[in-house]
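Report on the structure
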Amino acid sequence: MQILVEKNVPCTMRDGTVLYSDIYRPHEEGEFPVLLTRLPYSKDLPFYSHRYLDTNRLVENGYIVIIQDVRGRFQSEGEFEPFIYEAQDGYDTVEWAASLPYSIGKVGMFGLSYYGFTQLLAATERPPSLHAIFPAQTLSDQRKGNFYYDGAYGLGLSETWVLESIAPDLIKRKYNDPEAYNAAMSKWAKCVDHIEKWYLHAPIKNWPPLKELGVAKYFFEQVERDLNDDDWDKSSIANQYNQINVPAYHLGGWYDSLLGSTIDNYIEMKAKADGLKVGEQQRLMIGPWAHGDFGSLIGDKKFGIHASEDWIDYKENLTDLHVRWFDHWLKGKDTQITAEAPVKIFVMGINQWRDEQEWPLSRTNYVPYYFHSKGAANSRSGDGYLSTIKPDEEPSDHFVYDPENPVPSNGGGTLHDGVNTTGPRDQRNIEDRSDVLVYTSAALKESVEVTGPVKVKLWASTDAKDTDFTAKLVDVLPDGTAYNLTDGIIRARYRNGYEPEAELNGEIVQYEIDLWATSNVFLTDHRIRIEISSSNFPRFDVNLNTGQTMLNSSECNPADQVVYHRKQYPSHVLLPIIPAGK
């Protein structure tokens, strides 16, 4: 089949702003359904605009593929404000695409990350011609695991994204004089090359890489915005799940920076989407992947060719999966996709795909593994251990958290520059620090499967006005190698939501640290480990312990942190254990 390409096709929004799209369609007579994606990274760059899908194959399978620059980006008119216009612009674009003379009037949407969210935001407006979506590794609310994570600022993601992905086009729009533009881009390039240095800069409200270039005004507006500000709701679907009325296939990764919101979207849309049938039409797949990386090698671990986007479970690639999904909803074909299990997960450790009927799994036993020590759980050489036996009276563990010497990020669901930034990585160098408490189980006599949401219940005190506590779940191999599975953070002042709590005064406080979810079999002779500390930088900003944050201050103090594990304060991790053979 020959493919006809139309470049820079205009689409006028309701306020007169013109957005431009590239259209790929079969070069033959007839009408076809449309597959649309809307992105801020340039429709002209194949890495972003085509990414993990073979869009030529989509066309060869009888689809019109439309790739659009969102408002204020690259070829499109207007001013860019992340997510603010995507609901109404998405509605207008869907209906425009449906009205094209070679369209049958049915539209599906696809894409990951930002252009996964453009689908969900458009769906809240309920465009009549939108029949199905396929959001991959995307968000729900910027305060829930995106720019913020339980009160902590997602520094690495936020600063990397705006500087590397957003700023260049904004610079091009601002500097019309070639000499001024070249100078600005030279300054930008130096900042990108040394971004790890700029992660350390505080206060962020004066962040030089953007301030000196005079671009990305929205970034500074967000930095100044309180978490309880209603303006966050303008770019959120958290309160709009009941407005969505289309089938959705949610695609996630265990090491994705947006795993939590991907799972939330599936659960909430299944429960609240408009109409019982729409809830039943939600699907979820989670592989061992990182953000935008659907390969078989993630971080330091290889999960097998059957884990990759090219040959999922030895059966099909991601393009095949999209074709089957959209063939059913846009063409009415019997592709058997709705007869398959609604949930498909990759179980690490045994490295196998498995079909499930729900998430979380109904057969889960939530088992607390309690923290124990003789008061010296500092580092992996300490005396901390995990067991299912409740503590009685034990000495607490202490460590000093120094914001000027934070625990470095080492793998995980990250999205920032640097060394060892993403996926499973050996944590032993982190666990040698005295400001990391380490609790490790005995070697397992038989395999233990942990699949589902993971939470740490922590009783702790501090001499700081405000502080953070972090937790990490780790699989320790017989040779001592320690691979991270999932992690989380809680900011004390936001421990109960977006409304800030009063400053701390040395009291013992119960914290719930959400580690999102994982699926891993801890094999025989492996050990289950939990790390507790107070920083994970630059994934999250460091808490200054003063009641102020890196967003608006640079002054900091060390904090004496105390973790309790006794009868009255039984700190533990709650693990979702799947019974063997079930």
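Coordinates for the structure precede this section.
Worth saying up front: this structure is predicted, and the values here are computed from it rather than measured.

Scanning the model with the defined rule gives 26 aromatic pairs in all. For the pair Trp 289 and Phe 294, a centre-to-centre distance of 5.1 Å together with 65° between the ring planes defines the contact as edge-to-face. The exposure class assigned to Trp 289 is buried, which follows from its relative accessible area of 0%. On the accessibility criterion, Phe 294 (1% relative accessible area) is buried. For the ring pair Phe 469 and Tyr 511, a centre distance of 5.3 Å and an interplane angle of 45° mean the geometry is tilted. On the criterion of sequence distance, the pair formed by Phe 469 in strand 20 (residues 468–476) and Tyr 511 in strand 22 (residues 509–522) is long-range, its members being 42 residues apart. For the pair Phe 469 and Tyr 511, a shared accessibility class is recorded, and that class is buried. Counting every residue linked through ring pairs, the aromatic cluster contains Phe 80, Phe 83, Tyr 114, Phe 117, Phe 147, Trp 161 and Tyr 218. Against the face of Tyr 102 rests Arg 25, its NZ or CZ located 3.8 Å from the ring centre. Directly above the aromatic system of Tyr 85 lies the positively charged group of Arg 71, at a separation of 4.3 Å from the ring centroid.

Time to look at the packing of helix 5 (residues 155–174) against helix 6 (residues 178–193). Each pair of packed helices can be summarised by the angle the axes make with each other and by the distance between the axes. Across the interface, helix 5 lies against helix 6 with an axial gap of 10 Å and an inter-helix angle of 170°. When the axes of helix 5 and helix 6 are compared, the pair comes out roughly antiparallel. Only Tyr 181, Ala 184, Met 185, Trp 188, Cys 191 and Val 192 of helix 6 make contact with helix 5, whose side of the interface consists of Leu 163, Glu 164, Ala 167, Pro 168, Ile 171 and Lys 172.

Our focus in this paragraph is helix 4 (residues 114–124). Within helix 4, eleven of the eleven residues are buried, which leaves it mostly tucked inside the rest of the structure. A positive phi of about 55° marks Arg 126, the residue just after helix 4.

Let us look at the pattern of salt bridges. Taken as a whole, this structure holds 41 salt bridges when the rule is applied. Measuring nitrogen to oxygen at the nearest pair gives 2.9 Å for the salt bridge that ties Glu 6 to Arg 25. Remark: Arg 25 occurs in strand 2 (residues 18–26) and Glu 6 occurs in strand 1 (residues 3–12); sequence separation between them is 19 residues. A relative accessible area of 16% places Arg 25 in the buried class. Salt bridges sharing partners connect three or more residues here, namely Lys 7, Asp 22, Lys 43 and Asp 44.

Our focus in this paragraph is helix 10 (residues 259–272). For helix 10, built from 14 residues, the straight-helix expectation of 20 Å at 1.5 Å per residue is met to within 8% by its first-to-last C-alpha distance of 20 Å. The inward-facing, buried residues of helix 10 contact helix 4, strand 9 (248–255), helix 11 (276–280), strand 10 (282–290), strand 13 (343–347) and strand 22.

Calculation criteria
- Residues numbered from 1 in each chain as written.
- Predicted model: local features only at pLDDT ≥ 70, side-chain atom pairs only at ≥ 80, totals over all residues.
- Heavy atoms only, no water.
- Phe/Tyr/Trp six-rings, centres within 6.5 Å; stacked < 30°, edge-to-face > 60°.
- Buried < 20%, exposed > 50% of the residue type's maximum accessible area, 1.4 Å probe, protein only.
- Helix = DSSP H or I, 4+ residues; strand = E, 2+ residues; numbered from the N terminus.
- Lys NZ or Arg CZ within 6 Å of the ring centre and 35° of its normal.
- Axes fitted to C-alpha atoms, helices over the stretch in contact; angles between N-to-C directions.
- Parallel < 35°, antiparallel > 145°, perpendicular 65-115°, else oblique.
- Contact = heavy atoms within 4.5 Å.
- Salt bridge = Lys/Arg side-chain N within 4 Å of Asp/Glu carboxyl O.
- Expected span 1.5 Å × (residues − 1).

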